[in-house]
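Each chain is listed here by its residues.
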Amino acid sequence: MEEVDVEPTVTNIPGIRYGKHMGFAWGPGDILVYETQFKASGPSLSGPAGPFIHQVRKDEDIYSPILRKLFNESHHIFVGLQTIKEDLPSKSKRTQFVSISRNYRSVIRACMEELQQVAVSTRDTEMATQYGNQVSILLAIELIWNLCEVLYIDAAPAGSLLLHLLDWVRLHKADVDEKARDVLQSDSPAEHHNYWDVVVSYVLQGSLVEARQMLVKQATLQPASRNMFKLMDSLLGKMPFFNPGGTETVTEFDVKWSNWHKEVESYLKDNSFASNHHLELICKILVGDEDTLLEQKELLSTWYHFLVTRLLYCHPTVKPFELHYYAQSCLTMFLDSRSVQEPLDSILLAAFEYDICLVIKDCSIVLNNWWFVAHLTDLLDHCKLLHSHNLNFGSNMREFLLLEYASGLFTHHSLWQCAVDYFDHCPELGRACLELQIERVPLDTERKALKVLRICEERQMSEQVRSICKIMAMRALRNNRLGSALSWSIRAKDAAFATLISERFLQDYCAKGTFSDLDLIDNLGPAMLLSDRLTFLGKYREFHKLYGEKRFKEAAKLLLSLMTAKIAPQSFWMTLLTDALPLLEQTEVIFSADQTNELMYCLEELTSSLNSTAPGADRPMQQEDVEQTKVELLRLSLARNLAMAVVKEGTMET
């Protein structure tokens, strides 16, 4: 087994007494931890175990209302990404992939801004700290994602690459614009204490237009140095930037830039700015003097900002495969021997080295959930950058990370619906995992059960459909909601359970004399064929409808067929024969002689079975007397009806 790269994080559980043995139970997204009385030497009865069960969550972020928006919005982007056709031209696909990457980043940034607002407005110090930590994590995520977009997805070539890196640095060094706003809003911007910091910061970022605008304000205050400022303005204005959409080649641009660079060096050697150390500092930055750049650590703030500034003024046509050499040297130069390399530094360095696997691996270790690595890996896989990276346990890297992320979502009461689409787009193990996870969704309400059921039916997951329907049917039956229970059992196509519920309906009818849930029984349709008892229930209800509509002959024929075809359970024959009494007592003959004979045969068969059962606890004497009275009444009515039927049929023959 491969060893873990880092020590696992220690989670302190408040309330746990030191030296106590802990018991635990694993869950899909969390662990339940509790104290036990166990000791190494054997069970101890010296004192009671702790009264609390502690829930340790693996991923707390999914319970944050703001971050939940991140999960929901990114889900829509993910689904859209899966619809991009494989047969599109590579250039067209790359444009779409870059657009999707920016959509992901915009969602990250929107959540980050909302978290910042909440962190500022909240009065709870603990919550403000938590929001601040989440902002820091999202900042790092967006920084890494943006760099991966530049290097891998957009895959900018030499010349364009530096322009993208400059945009990357400017986007993540927004404090310069805030300082500039403070300076410009002051009474005398050129005399503001942050004025030169802003000018130098703009130069370090390559924002030379803004730097020139700021220098104009200083030039108006120093008429004697106007020529010097004019010369600096000219150098800044003449600095060439590569135009990807132009006709100029990288080689032509390189020559043009070299000429400009030599001109700046000549002015520096001539001491043209010696009388103004600020302008001289800017001139040294323009020539890419490493010592001068390293002196601006406070303004640069990070080694990767130092890297981009160094490339801008020393190697503007840097090629992608050269980046890792410059990145490693800048990291070494920028961090002194006492500085500790942060995890973010290692991840960015791996990105500059084009080691995608290491970027994903380190992010998986450092970050507290799978959202970032799952979505970035999926996008990179669509860009055909991960096809060679398969794992040794049945799945590729993309699918493994998506499965982990989706499994985490399934522990949330609403985000589980988003997780379904992630499983759908994992061709190897997605369906198997979905089948296991869908069974763990708590069916709190009938509405939620219907949602889960629809998902299963759309994917033809017949076992899960039956399981859900059985659970809901049993729950409805326990609550004496027979109509709902029957509906769920029919949906599950569970003949045994449908028979049980049909029996309950018939028992209720015997007790109350009426049916409940008539709408359901009246509209059973072909579903009544699921079981014999359900068929009987539907047909028996049909008999009552015919009787109510005074269609006596049809009702009589149906009633007789229920007994002769053995559809009705024999325990219900007495009820059916009792239902026949009003038809036998009609002035008009309803039952023919043959039908009456069949009814008499059924009655005799029933009485013989009743006589074979001695009175006991199940059939007290009083009940037996009632049944005997019913039998006598039935015999009398049947005999009278037979006589009338014979006379009528004989008269008709004559």
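Residues numbered from 1 in each chain as written. Predicted model: local features only at pLDDT ≥ 70, side-chain atom pairs only at ≥ 80, totals over all residues. Heavy atoms only, no water.

Another point: the packing of aromatic side chains. A full pass over the atoms with the stated rule returns 21 aromatic pairs. Judged by centre distance (6.0 Å) and plane angle (35 degrees), the ring pair of Trp145 and Trp371 falls under tilted. Remark: Trp371 occurs in helix H17 (residues 371–382) and Trp145 occurs in helix H3 (residues 125–153); sequence separation between them is 226 residues. A residue is classified by how much of its surface remains accessible, and Trp145, at 0% relative accessible area, is buried. Centre to centre, the rings of Phe410 and Trp416 are 6.2 Å apart; their planes meet at 40 degrees, and the pair counts as tilted. Take Phe410 and Trp416: they sit in the same class, and that class is buried. Taken together, the ring pairs in this structure connect Phe71, Phe78, Tyr405 and Tyr422 into an aromatic cluster. For the cation-ring pair, Lys297 lies above Phe334, with the distance from its terminal atom to the ring centre recorded as 5.3 Å. (Phe/Tyr/Trp six-rings, centres within 6.5 Å; stacked < 30°, edge-to-face > 60°. Helix = DSSP H or I, 4+ residues; strand = E, 2+ residues; numbered from the N terminus. Buried < 20%, exposed > 50% of the residue type's maximum accessible area, 1.4 Å probe, protein only. Lys NZ or Arg CZ within 6 Å of the ring centre and 35° of its normal.)

This part is about the packing of helix H22 (residues 462–478) against helix H23 (residues 482–492). Put simply, H22 and H23 touch, their axes get as near as 8 Å, and they point 165 degrees apart. Overall, the two elements H22 and H23 adopt an arrangement that is roughly antiparallel. Where H22 crosses over H23, the handedness of that crossing is left-handed. Mapping the contact onto sequence places Arg466, Cys469, Lys470, Met472, Ala473, Ala476 and Leu477 in H22 and Leu482, Ser484, Ala485, Trp488, Ser489, Arg491 and Ala492 in H23. (Axes fitted to C-alpha atoms, helices over the stretch in contact; angles between N-to-C directions. Parallel < 35°, antiparallel > 145°, perpendicular 65-115°, else oblique. Left-handed = near helix turned anticlockwise from the far one by under 90°. Contact = heavy atoms within 4.5 Å.)

Right, let's talk about a negative patch on the surface for a bit. On the surface, a cluster of negative charge is made up of Asp177, Glu178, Asp182 and Glu210. With respect to the helices and strands, the residue Asp182 is situated in helix H5 (residues 175–185). (Patch = residues over 30% accessible without salt bridge, like charges linked within 9 Å, V, L, I, M, F, W, Y side chains within 5 Å. Areas by Shrake-Rupley, 256 points an atom, 1.4 Å probe, with all protein chains shown as cover. Salt bridge = Lys/Arg side-chain N within 4 Å of Asp/Glu carboxyl O. Lys, Arg positive; Asp, Glu negative; His and termini not counted. Charge placed at Lys NZ, Arg CZ, Asp CG, Glu CD.)

Among the secondary structure elements, Arg398 is positioned in helix H18 (residues 397–409). The buried category is assigned to Arg398, whose relative accessible area is 8%. Polar side-chain contacts of Arg398 include one of 2.7 Å to the side chain of Asp378. Discounting chain neighbours no more than four positions away, the residues touching Arg398 are Phe78, Gln82, Thr377, Asp378, Asp381, His382, His425 and Pro427. (Polar contact = N/O pair within 3.5 Å; in protein donor to acceptor, adjacent residues only side chain to side chain.)

Let us now look at the side chain of Arg459. Mapped onto the secondary structure, Arg459 falls in the loop between helix H21 (446–458) and H22. For Arg459, a relative accessible area of 18% puts it in the buried group. With near-sequence residues (within four places) excluded, Arg459 lies in contact with Val420, Asp421, Asp424, Arg431 and Leu434.

Residues Leu32, Tyr34 and Ile53 make up a contiguous nonpolar surface patch of about 280 Å² in total accessible area. Looking at where Leu32 falls in the secondary structure, it is placed in strand E2 (residues 30–35). Since its relative accessible area comes to 36%, Leu32 is described here as partly exposed.

Next up on the list: the pattern of salt bridges. Within this structure, the stated rule accounts for 28 salt bridges. The partner of Lys238 in a salt bridge is Glu263, and the shortest N-O contact between them spans 2.6 Å. Here Lys238 is found in helix H8 (residues 226–238), whereas its partner Glu263 is found in helix H9 (residues 250–269), with 25 residues between them in sequence. Overall, Glu263 belongs to the partly exposed group, its relative accessible area being 23%. Here Lys470 makes a salt bridge to Asp494, at a shortest N to O gap of 3.8 Å. Taken as a pair, Lys470 in helix H22 and Asp494 in the loop between H23 and helix H24 (495–512) lie far apart in primary sequence, 24 residues in all. Using a relative accessible area of 42% as the deciding quantity, one classes Lys470 as partly exposed. Put simply, Arg102, Arg105, Arg109, Glu142 and Glu149 are held in one network by salt bridges that share partners.

End to end, H22 covers 24 Å across 17 residues, agreeing with the expected 24 Å (1.5 Å per residue, within 8%). Three or more residues of H22 are buried, namely Gln464, Val465, Ile468, Cys469, Met472, Ala473, Ala476 and Leu477. Against the buried residues of H22 lie helix H20 (430–438), H21, H23 and H24. (Expected span 1.5 Å × (residues − 1).)

Our focus in this paragraph is helix H26 (residues 532–548). For H26, spanning 17 residues, the distance from its first C-alpha to its last is 24 Å, which sits close to the expected 24 Å at 1.5 Å a residue. Inspection of H26 places Arg533, Leu534, Thr535, Phe536, Leu537, Gly538, Tyr540, Arg541, Phe543 and Leu546 among the buried residues, and these make up the whole buried set. Directly after H26, the chain includes Lys550, whose backbone phi takes a positive value near 60 degrees.

Moving on, we get to the environment of Arg94. Of note, Arg94 is situated in helix H2 (residues 90–121). C-alpha separation for the pair Arg94 and His382, spaced 288 residues apart in sequence, amounts to 9.8 Å. Excluding its chain neighbours within four sequence positions, the residues that come into contact with Arg94 are Ile153, Asp154 and Ala155.

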